[in-house]
Amino acid sequence: MNDLDEKIRKALAGTREGEELFVEQGLMAEAVAPFRGKRRWVNVVGLCYGFAGFAIALWGGVRFFEAEDTRAQILWAVVCLIGILLNAFLKVFFWMEMHTNRVLREVKRVELLLVKERSER
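Just so you know, these numbers come straight off a predicted model, no measurement behind them.

Asks: Would you mind showing me how to read the overall build of the protein chain here?
Replies: Per the secondary structure count, the protein chain includes five helices and zero strands. Overall, the protein chain shows an N-to-C arrangement of helices and strands of α-α-α-α-α. Counting across all 121 residues of the protein chain, residues that qualify as buried make up 24%. Considering only contacts within the protein chain whose residues lie at least 6 apart along the sequence, 68% involve residues at least 24 apart. When the accessible area of the protein chain is evaluated, it comes to approximately 9,300 Å², of which 65% is carbon and sulfur surface.

Asks: It is not clear to me how the environment of Leu-81 should be interpreted in this structure. Could you clarify?
Replies: Tracing the backbone shows Leu-81 in helix H5 (residues 70-120). In this structure Leu-81 comes out as partly exposed when scored by relative accessible area, which is 47%. In this structure the C-alpha to C-alpha distance between Leu-81 and Gly-61, which are 20 residues apart in sequence, comes to 8.8 Å.

Asks: What should I look at first to understand the packing of aromatic side chains in this one?
Replies: Remark: the centre distance and the inter-plane angle together describe each pair of aromatic rings, the angle taken between the planes. The final tally for this structure, using the stated rule, is four aromatic pairs. Judged by centre distance (4.8 Å) and plane angle (75°), the rings of Trp-59 and Trp-76 are edge-to-face. With Trp-59 in helix H4 (residues 40-66) and Trp-76 in helix H5, this residue pair connects regions lying 17 residues apart in the sequence. Among the residues examined, Trp-59 registers a relative accessible area of 46% and is labelled partly exposed. Since its relative accessible area comes to 13%, Trp-76 is described here as buried.

Asks: For this particular structure, what's the right way to read the confidence of the model for the protein chain?
Replies: Taken residue by residue, the protein chain gives an average pLDDT of 82. The fraction at 70 or more is 81%. Per-element mean pLDDT across the protein chain ranges from 57 in helix H2 (residues 16-21) up to 93 in H4.

Asks: Got a minute to help me understand H5 in this structure?
Replies: Think of an α-helix as turning once every 3.6 residues; residues three or four places apart then point the same way. Along its 51 residues, H5 runs 75 Å from first to last C-alpha, staying within 8% of the 75 Å computed at 1.5 Å per residue. Those residues of H5 lying buried are Trp-76, Val-79, Cys-80, Gly-83, Asn-87, Leu-90, Phe-94, Glu-97, Met-98, Arg-105, Arg-109 and Leu-113.

Asks: Honestly, the layout of surface pockets in this entry has me stumped. Any pointers?
Replies: Picture a little ball the size of a water molecule; that probe, rolled over the atoms, points out where space is still empty. Empty space within the second largest pocket amounts to approximately 320 Å³. Contributing to the lining of the second largest pocket are 15 residues, with Leu-47, Asn-87, Leu-90, Lys-91 and Phe-94 lying nearest its centre. At the level of elements, helix H3 (27-32), H4 and H5 are the ones that each hand at least two residues to the lining of the second largest pocket. With six residues, H5 is the largest single contributor of residues to the lining of the second largest pocket.

Asks: Looking at this structure, how should I read the environment of Ile-82?
Replies: Within the secondary structure layout, Ile-82 lies in helix H5. C-alpha of Ile-82 to C-alpha of Gly-60: the two residues are 22 residues apart in sequence and 9.1 Å apart in space.

Asks: When you look at the pattern of salt bridges in this model, what are you seeing that I'm missing?
Replies: Two side chains bearing opposite charge may form a pair once their charged atoms approach each other closely. Taken as a whole, this structure holds two salt bridges when the rule is applied. In this structure, Arg-39 engages Glu-97 in a salt bridge whose closest nitrogen and oxygen atoms are separated by 2.8 Å. Pair noted here: Arg-39 is in the loop between H3 and H4 and Glu-97 is in helix H5, with a separation of 58 residues, a long-range link. Residue Arg-39 is classed as partly exposed on the basis of its relative accessible area of 43%. With a closest N to O distance of 3.9 Å, Glu-66 and Arg-63 form a salt bridge. With Glu-66 and Arg-63 both in helix H4 and three residues apart, this pair spans about one turn of that helix. Arg-63 gets classed as partly exposed once you look at its relative accessible area, which sits at 33%.

Scoring rules and cut-offs
Residues numbered from 1 in each chain as written. Predicted model: local features only at pLDDT ≥ 70, side-chain atom pairs only at ≥ 80, totals over all residues. Heavy atoms only, no water. Helix = DSSP H or I, 4+ residues; strand = E, 2+ residues; numbered from the N terminus. Buried < 20%, exposed > 50% of the residue type's maximum accessible area, 1.4 Å probe, protein only. Contact = heavy atoms within 4.5 Å. Areas by Shrake-Rupley, 256 points an atom, 1.4 Å probe, with all protein chains shown as cover. Phe/Tyr/Trp six-rings, centres within 6.5 Å; stacked < 30°, edge-to-face > 60°. pLDDT = per-residue confidence, 0-100. Expected span 1.5 Å × (residues − 1). 1 Å grid on protein atoms, 1.4 Å probe; cavity = no way out; pocket = protein on both sides within 12 Å on 5 of 7 lines; lining within 4 Å. Points joined across faces, edges and corners; volume = space filled by probe spheres on them. Salt bridge = Lys/Arg side-chain N within 4 Å of Asp/Glu carboxyl O.

Listed below in structure tokens is the structure:
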């Protein structure tokens with residue numbers, strides 16, 4: 001923790017919104033947060049694509065081991081790889097959404113500090 005965090009805590013001590021802002025969210029709360037905003041529908045569609053990617057990867061993996069010839073194994077390995085890549089790209093997307101929410105929370109902390117300082121003058 002640096003000096004700025006400590007100064008913000010001291011400046012906002014006692015205010016209800018300040019106290020709520022300094023409560024650190026857990027990983028599960030951060031993971032659910034993208035489903036509560038204006039772009040909720042985008043995240044729900046992304047989650048559905050993630051499940052579809054997992055199903056495609058699973059299907060391709062099972063068919064890979066059932067295939068008799070090398071050509072069919074290569075085909076099913078590519079299908080499995082496409083499903084894995086789709087799922088991986090969507091996980092990166094959701095981690096970026098969570099990071100954006102974390103940065104916005106920090107900006108709001110600074111905004112509250114500025115409002116508090118202006119009201120004291």
